[in-house]
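Inside the fold
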Amino acid sequence: MKSGILAAAAAAVVVTAGAGAHAGLLDTVKSRGFVQCGVNAGLPGFGNPDSAGNWTGLDVDFCRAVAVAIFNDPTKIKFTPLSAQQRFPAIQSGEVDVLSRNTTVTLTRDTSVGLNFAPVTYYDGQGFMVNKKLGVKSAKELNGATVCVQSGTTTELNLADYFRSNNMEYKPVVIESEAEVNAAYFAGRCDVRTADVSDLAATRGSVASGAEDHVILPEVISKEPLAPAVRHGDDQWFDIVKWSINVTIQAEEFGITSKNVDEFVNSKNPDILRFLGTTPGMGKALGVDEKYAYNIIKKVGNYGEIFDRNVGPATPLKLERGLNALWTKGGLQYTAPFR
Amino acid sequence: MATETRTARGASVPGGSSFSLSDPTVRAVVYQILVVGAVVLVGWFLISNTLDNLARRSIATGYSFLEREAAFGIGEHLIDYSPKDTYGRAFLVGVLNTLKVSIIGIILATIIGTLVGVARLSSNWLIARLASAYVEIVRNIPPLLQLFFWYALVSDGLPPVRSALNPLPGVFLSQRGLIVPAPSADPVWKMMGIAALVAVVLTIAIRFWAKARQAKTGQIFPVGWTALGLILGLPLVAYIAGGAPVALDMPVLKGFNFAGGMVISPEFFAILTGLTVYTSAFIAEVVRSGIIAVNWGQTEAARALGLPSGPTLRLVILPQALRVIVPPLTSQYLNLTKNSSLALAIGYPDLVSIANTTLNQTGQAIEGVTMIMGTYLSISLSISLFMNWYNKRIALVER
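Residues numbered from 1 in each chain as written. Chains lettered and ligands numbered in written order. Predicted model: local features only at pLDDT ≥ 70, side-chain atom pairs only at ≥ 80, totals over all residues.

Our next topic: the overall build of chain A. Per the secondary structure count, chain A includes 14 helices and 14 strands. Relative to the globule expectation of 20 Å for 339 residues, the C-alpha radius of gyration of chain A, 21 Å, shows essentially globular dimensions. Along the longest, intermediate and shortest principal axes, the C-alpha atoms of chain A span 60 × 50 × 40 Å. Scored against the burial criterion, the 339 residues of chain A give a buried share of 52%. Expressed as a percentage of contacts within chain A between residues at least 6 apart in sequence, the contacts between residues at least 24 apart total 74%. (Helix = DSSP H or I, 4+ residues; strand = E, 2+ residues; numbered from the N terminus. Rg over C-alpha atoms; globule rule 2.2 N^0.38 Å. Buried ≥ 20, exposed ≤ 12 C-beta atoms within 10 Å, placed from the backbone. Contact = placed C-beta atoms within 7 Å.)

Shown next, in the form of structure tokens:
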């Protein structure tokens, strides 16, 4: 909490100090030598440091893609763990260059919070998790329940809207830190834990024992398109972040992976040649290396690889592709063409 | 700005013609104006620059968001609140929750602190050592950890809601907190409130009258007993006149939770206990130092005059001890109030918690933070003002 306030206060100061700095963020980042990326402080599968301090996760990998596009090095990056409260002041003030922290795209955030959102990296929705012992089969049966929810998220609003529109009562227990709110739920302080379904899966997968005692109810009560964000006012930087993410989606569509990317460098398909930079033009337009797409695929992987590695069926989260399958396979992941 | 300063400087010169920087009075005034001017200039620069940059990044500014619908729920509220209400009302709910925990906390911490402080001076070895241990352990552990401790004690230590402890009929103790029967809604409660208020006003009036009479005639009027009788008696009369309703709103397990009754939530319990215990240790030390500061000779002198031990304490020892106690006690009250912002960590919806949610939903961090700062400043200054007034009243009158 304290740090949330500090971050906000710091935002005020830094916004002030940053007056008149007109140099593009790309130049600033290049001369600094690394990308500053705001991530979740501890959400397995999305942004989570391991015991050695290495960051892993879906959100983390998309930040690495940006670092590779600029420096051709996924380690030229500094991760700043941010709470839900700290994230907007951090991006507004310039403490981070990219906010990649399972953040839902909304109109308010796109406008009055002052953000620009890159393509959606994970299509999510809000759900409810309950203990099996309660015998609840549907969210419609939750009238009167006590609900554990993290503060400063769209979740809080969706929760209120859902209960209001279904004429149900609830009692919120709002706690700032993800770890504390989960602890309160598992201790039995609340009947229900609500969050994005991916978050619930991660929470359930992270408990030491008894994961099978908890069920995620079938209702998904909201659309939660999670996307990285940059702040208003630097179009070139926005473009770089946007098209670094698009690279991973396009690569999967072409069937290019980190393992076989070298085979495609001299492909017969002119689309792929342009995409990988064998035919120059795309990199220059963005202001980065012509082979940036090749580098991202080689060092970070395509969207499918990133998904499977962090949240896929082989991980503790056990999430299916679902909405996050490519558009060619019935999902929503789609990118504008590279030309 | 610079022109303004020059005009102001010119205007400040008394007489105008005898302007000289070698005159210490003139110099002092000029320097003060320059310093104030510089401070205003820097403040103006910071504010306008911030606004300018916010506008350039098209981040919304201003407080108009307070009139928009909040659309989030709050766990406990002293006034009616639903997600349909505005951000402004949500903030008010937070302020009241902060005041609630602060006021109850201050009262309890003062009582416990005084008892422990006196106990530490006790001639009984065991009591004195126990009090010392309490003070040393409690004041040397950070308050946030203590909050987590009290919160875990409830949420991990008590049984789940469906197997709640039921020590008395209608009283349930579980992870959802302490639920007790509440008197059913009845107009009589409002009447009793008014009666109590009338009693307080009457007491104050009687006190003035008694003082004036004592000054004139020397007769002592038993104000204390009269006050007690009025404050207990008037509401009781109102209660009986209102038909003496005895209906209780009994809590029943319905669905997920208990319905009806009054609830002391685990969050409120944890924040109140944490703050009370932590601050009481400091107050104990303040009280102890105050009592030690009064010379033993004062007690002996009072006894030599034939004063009984009650008036000795009330009229001789306490007035002198309070002079030492009150200023540091004010600091402790302020600390307790400000520490209540730790509530966010355990989910008690205090003003910081709600302002944080608000500034997250609206993205208006600067406005949210200024509101938090402004509110704490107002609460703290009010406590300071009251305590300073009290301090002045009891201060040693020097002639």
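From this point, the narrative continues.
Moving on to the interface of chain A and chain B. Contacts between chain A and chain B engage 49 residues on the former and 46 residues on the latter. Those elements that place two or more of their residues in the side of chain A that touches chain B are helix H1 (2–17), helix H4 (87–93), helix H5 (107–110), strand S9 (145–150), helix H6 (154–165), strand S10 (170–175) and helix H7 (178–187) of chain A. Ranked by residues supplied to the side of chain A that touches chain B, first place goes to H1(A) with eight residues. Of the residues belonging to the side of chain A that touches chain B, the class tally is 23 nonpolar, 16 polar and ten charged. (Nonpolar A, V, L, I, M, F, W, Y, C, P; charged D, E, K, R; others polar.)

With a phi close to 20 degrees, A:Asn102 is a non-glycine residue in the positive phi region. Secondary-structure assignment places A:Asn102 in the loop between strand S5 (98–99) and H5.

So, on to the sheet that holds strand S8 (residues 262–264) of chain B. Residue and element names in this part refer to chain B. What the four strands build is an open sheet, ordered S1-S2-S3-S8; its pairing is antiparallel. Looking at the sheet topology across the chains shown, the edges are occupied by strand S1 (165–168) and S8. Averaged over all pairs of adjacent strands, the angle between strand axes in this sheet comes to 20 degrees, irrespective of strand direction. When strand S3 (residues 177–180) meets S8, the two strands line up antiparallel, connected through three bridges. Bridge pairing in S8 places Leu 178 opposite Ile 264. (Pairing = 2+ DSSP bridges. Axes fitted to C-alpha atoms, helices over the stretch in contact; angles between N-to-C directions.)

Residues and elements named next belong to chain B. Packing of helix H3 (residues 87–120) against helix H10 (residues 309–339) leaves a shortest axis separation of 9 Å and a crossing angle of 140 degrees. By the angle between their directions, the pair H3 and H10 is classed as oblique. When you trace H3 past H10, the crossing you get is right-handed. Of the residues in H10, those in contact with Ser 102, Gly 105, Ile 106 and Ala 109 of H3 are Tyr 333, Leu 336 and Thr 337. Of the residues contributing to the contact of H3 with H10, the split by class is four nonpolar, three polar and no charged. (Parallel < 35°, antiparallel > 145°, perpendicular 65-115°, else oblique. Left-handed = near helix turned anticlockwise from the far one by under 90°.)

All names here are of chain B. Here Tyr 278 is to be found in helix H8 (residues 266–293). By the C-beta count within 10 Å, which is 24 here, Tyr 278 ends up buried. Through-space distance from the C-alpha of Tyr 278 to that of Ala 109 is 8.3 Å; in sequence the pair is 169 residues apart. Other than its neighbours up to four places away in sequence, Tyr 278 contacts Val 138, Pro 143 and Gln 146.

The domain boundaries assigned to chain B delineate domain 1 (2–56) and domain 2 (87–165 + 269–394). Between the C-alpha centres of domain 1 of chain B and domain 2 of chain B there is a distance of 42 Å. (Domains from an automatic or database assignment.)

All names here are of chain B. Taking 1.5 Å of rise per residue, twelve residues should cover 16 Å, and helix H11 (residues 351–362) covers 16 Å from first to last C-alpha, within 8% of that figure. The buried fraction of H11 amounts to twelve of the twelve residues, a majority that puts the element mostly inside the structure. Once H11 ends, the next one or two residues include Gly 363, with phi positive near 75 degrees. (Expected span 1.5 Å × (residues − 1).)

With that settled, the discussion passes to the sheet that holds strand S11 (residues 192–196) of chain A. Residue and element names in this part refer to chain A. Strand order across the open sheet formed by five strands is S10-S9-S11-S8-S12, with mixed pairing between neighbours. Every other strand in the sheet has two partners, leaving S10 and strand S12 (214–216) as the edge strands with one partner each. Neighbouring strand axes in the sheet, compared pairwise and without regard to direction, differ in orientation by 30 degrees on average. Strand direction decides the pairing type here: S9 and S11, joined by two bridges, are parallel. Bridge pairing in S11 places Cys 148 opposite Arg 193. Sitting on the sheet, H7 is in contact with S9, S10 and S11, with an inclination near 160 degrees to S9.

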